[in-house]
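Per-entry structural report
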Amino acid sequence: MARIFLLFLPGLVAIWTVHGIFMDRLASKKLCADDECVYTISLARAQEDYNAPDCRFINVKKGQQIYVYSKLVKENEAGEFWAGSVYGDGHEDEMGIMGYFPSTLVHEQHVYKEATKEIPTTDIDFFCE
């Protein structure tokens, strides 16, 4: 599905087409360090490799560091997933990519700020380009 955005600037009209899909929600709530969910919660290290099953998730290599930005609140029998971005250790092609991964995959090395703010998830939390 393509979404078209118009930007009106004095003397200029720009049109962007955004392609993507809204995937099913993994949870209805998430825990964050702040109300806007922009601060880093922690730095974690992957204990094993993980191959993303779809575009909501990220591929992770054992030993890779991950900055954690939110933690989905577990519902029913669903797994517990965290959102973050991978960092370094020779995997530069994956640096900066945001996505979900199983919380059991990592060990938190350093907590910057506790995830105490419970916030509803939105469709954009599960949008894939």
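Fair warning: this is a prediction, and the values are worked out from it, not measured in the lab.

Topic: the overall build of the protein
Along the protein, the regular secondary structure elements total zero helices and eleven strands. For the protein, the residues scored as buried account for 38% of the 129 residues in total. Intrachain contacts of the protein at a sequence separation of at least 6 include 62% that bridge at least 24 residues. Carbon together with sulfur atoms contributes 53% to the accessible area of the protein, which is approximately 8,100 Å² in total.

Looking at the layout of surface pockets
It is the rolling of a water-molecule-sized probe over the atoms that shows where space remains empty. Volume-wise, the largest pocket comes out at about 430 Å³. M98, G99, Y100, I124 and D125 are the residues nearest the centre of the largest pocket, which is lined by 16 residues in total. Of all elements in the fold, only β6 (65-72), β8 (98-102) and β11 (127-128) reach the threshold of two or more residues within the lining of the largest pocket. Per-element accounting of the lining of the largest pocket gives the leading share, three residues, to β8.

Considerations on empty space enclosed by the protein
Counting across every chain of the model gives one cavity of 30 Å³ or more. Considering only enclosed or pocket space, the largest cavity measures out at about 30 Å³ in volume. If you go around the largest cavity, you meet ten residues; those closest to its centre are L26, A27, V73, K74 and G79. The class makeup of the residues in the lining of the largest cavity is six nonpolar, one polar and three charged.

Basis of the calculations
Residues numbered from 1 in each chain as written. Predicted model: local features only at pLDDT ≥ 70, side-chain atom pairs only at ≥ 80, totals over all residues. Heavy atoms only, no water. Helix = DSSP H or I, 4+ residues; strand = E, 2+ residues; numbered from the N terminus. Buried < 20%, exposed > 50% of the residue type's maximum accessible area, 1.4 Å probe, protein only. Contact = heavy atoms within 4.5 Å. Areas by Shrake-Rupley, 256 points an atom, 1.4 Å probe, with all protein chains shown as cover. 1 Å grid on protein atoms, 1.4 Å probe; cavity = no way out; pocket = protein on both sides within 12 Å on 5 of 7 lines; lining within 4 Å. Points joined across faces, edges and corners; volume = space filled by probe spheres on them. Nonpolar A, V, L, I, M, F, W, Y, C, P; charged D, E, K, R; others polar.

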